[in-house]
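# Summary of structural features
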Amino acid sequence: NMENYIKVEDNADLVRDKHSGAIVNTNTTAYDRAVARSKLAQKQRDDLRSATREINNIKCEMHEIKTLLEQLVGKE
């Protein structure tokens, strides 16, 4: 209900809530973009964690293979 808000001078996207005095951004496109950026950043962090776990698993497997090869060479 826009009658509860006062337009902020020099910014078409901002209004002041008459009751609380809070500044509110009415630009929903900007909000949607910010949410999308946040989700993308979270996905990138999750992907990085997943890749790090996979690298660590491969390192452990390589260590096991190396140990087995050293045991095989040592037995001859």
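The preceding data block contains the structure.
The following refers to the structure shown.

Rules and cut-offs
- Residues numbered from 1 in each chain as written.
- Predicted model: local features only at pLDDT ≥ 70, side-chain atom pairs only at ≥ 80, totals over all residues.
- Heavy atoms only, no water.
- Pairing = 2+ DSSP bridges.
- Helix = DSSP H or I, 4+ residues; strand = E, 2+ residues; numbered from the N terminus.
- Axes fitted to C-alpha atoms, helices over the stretch in contact; angles between N-to-C directions.
- Expected span 1.5 Å × (residues − 1).
- Polar contact = N/O pair within 3.5 Å; in protein donor to acceptor, adjacent residues only side chain to side chain.

## A word on the sheet that holds strand β1 (residues 5-7)
Pairing is antiparallel across the open sheet formed by three strands, whose spatial order is β1-β2-β3. Taken across any chain shown, the strands that pair with only one partner, and hence form the sheet edges, are β1 and β3 (23-25). Strand-to-strand twist across the sheet, computed as the mean angle between neighbouring axes with direction ignored, equals 40°. Taken together, the three bridges between strand β2 (residues 14-17) and β3 define a ladder with antiparallel strand orientation. Bridged to Val15 within β3 is Val24.

## Focus: helix α1 (residues 28-75)
Compared with an ideal rise of 1.5 Å per residue, which puts 48 residues at 70 Å, α1 spans 71 Å between its outermost C-alpha atoms and is within 8% of the ideal. You can read the cap of α1 off the contacts: a side-chain oxygen lies 3.1 Å from the backbone nitrogen of Thr29, and it is on Asn27.

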